[in-house]
Amino acid sequence: MRKVVLITGASSGIGLALCKRLLAEDDELHLCLACRNMSKAEAVCAALLASHPTAEVTIVQVDVSNLQSFFRASRELKQRFQRLDRIYLNAGIMPKPQLNIKALLFGLFSRKVIHMFSTAEGLLTQGDKITADGLQEVFETNVFGHFILIRELEPLLCHSDNPSQLIWTSSRNARKSNFSLEDFQHSKGKEPYSSSKYATDLLSVALNRNFNQQDLYSNVACPGTALTNLTYGILPPFIWTLLMPAILLLRFFANAFTLTPYNGTEALMDLDEDTAEKFYQKLLELEKHIRVTIQKTDNQARLSGSCL
């Protein structure tokens, strides 16, 4: 029986490299690519099958910034599969990243230069916006949408006969100082990406506390600094090319510079369990609110339809 692996954000970057690496290790897998852009996903699917003809590769459409899309995809997956062996919760965004040049220049002549380049601490800010669901976009995309996916797919994940795994793509940029339980969507801050990645680390701890007895286990993995669409959003490709000699030198002092997405897929990362559990409960409360809102919207739509 083939193992079934679901990967979000599988059409590029770390997600695509992960697909290639998984099939290189086991070409009998059933990979399910959860992607927003179907034409891009179909091209990736065809390329993977061409290089690994004994594998099974399918697609499910998911827009990670749209909760309705997660609910639809979950229903479809429950119709297709009886179980999921692994989910790689990889899809994520870093919108409108801005490099703090002053902090960069100051850091170059400080004792924390290696740490600064390894984690980008204090170097990056991002823009954020409210989605159609009324949530902060980075939080919904990187954290809450995936949380909803896990909740919806519990029947496929919690099996006593064979444990299932959740693997989150986290980041060395995840900083406790950028996360707050009082503002877990980071609506008042300027580093939503860092906050969201720390939130996924917390959520992973909470999921283990709540689901290990049901044979569901969660891990976080940091791929390091790899050149993907996220990093190209910070600096253009030609700048990264110019920086490459310095980055290669820094690799002698910091293992965070994995450089390629393929190298970045080889990673693994003690968080406050009490904070993790409180955050998990807040997500459950938010989930309840979202479900009530969606139900009201659906009921209003049906009433409007019946009046026509």
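Please read these numbers as outputs of a predicted model, since none were measured by experiment.

Chemist: Please explain the packing of helix α6 (residues 137-152) against helix α8 (residues 192-211) as it appears in this structure.
Modeler: Geometry of a packed helix pair, given as the angle between the helix axes and the separation of the axes. Where α6 meets α8, the axes come as close as 8 Å, and the angle between the chain directions of the two elements is 20°. Looking at the two axes, α6 sits roughly parallel to α8. Judged by the sense of rotation from one axis to the other, the crossing of α6 with α8 is right-handed. Two secondary-structure elements touch here, α6 through Val138, Asn142, Val143, Phe147 and Ile150 and α8 through Pro192, Tyr193, Ser196, Lys197, Ala199, Thr200, Leu203 and Leu207. In the contact of α6 with α8, the residues fall into nine nonpolar, three polar and one charged.

Chemist: Explain the nonpolar core to me, please; I cannot follow it from the model alone.
Modeler: Across soluble globular proteins, you tend to see nonpolar side chains buried next to one another. Ranked by size, the top nonpolar core spans 51 residues in total, and within it Leu6, Leu84, Phe144, Leu153, Leu166, Leu203 and Phe279 carry the most contacts. For this core, the leading source of residues is α8, giving eight residues. Beyond its immediate chain neighbours, meaning those up to four positions away, Leu84 contacts Val4, Leu6, Leu153, Leu156, Leu157 and Ser164. Counting 22 residues, the second-largest nonpolar core is a separate cluster that includes Leu16, Leu31, Leu33 and Ile59.

What counts, and at which threshold
Residues numbered from 1 in each chain as written. Predicted model: local features only at pLDDT ≥ 70, side-chain atom pairs only at ≥ 80, totals over all residues. Heavy atoms only, no water. Axes fitted to C-alpha atoms, helices over the stretch in contact; angles between N-to-C directions. Helix = DSSP H or I, 4+ residues; strand = E, 2+ residues; numbered from the N terminus. Parallel < 35°, antiparallel > 145°, perpendicular 65-115°, else oblique. Left-handed = near helix turned anticlockwise from the far one by under 90°. Contact = heavy atoms within 4.5 Å. Nonpolar A, V, L, I, M, F, W, Y, C, P; charged D, E, K, R; others polar. Core = buried A, V, L, I, M, F, W, Y, C linked by side-chain atoms within 4.5 Å. Buried < 20%, exposed > 50% of the residue type's maximum accessible area, 1.4 Å probe, protein only.

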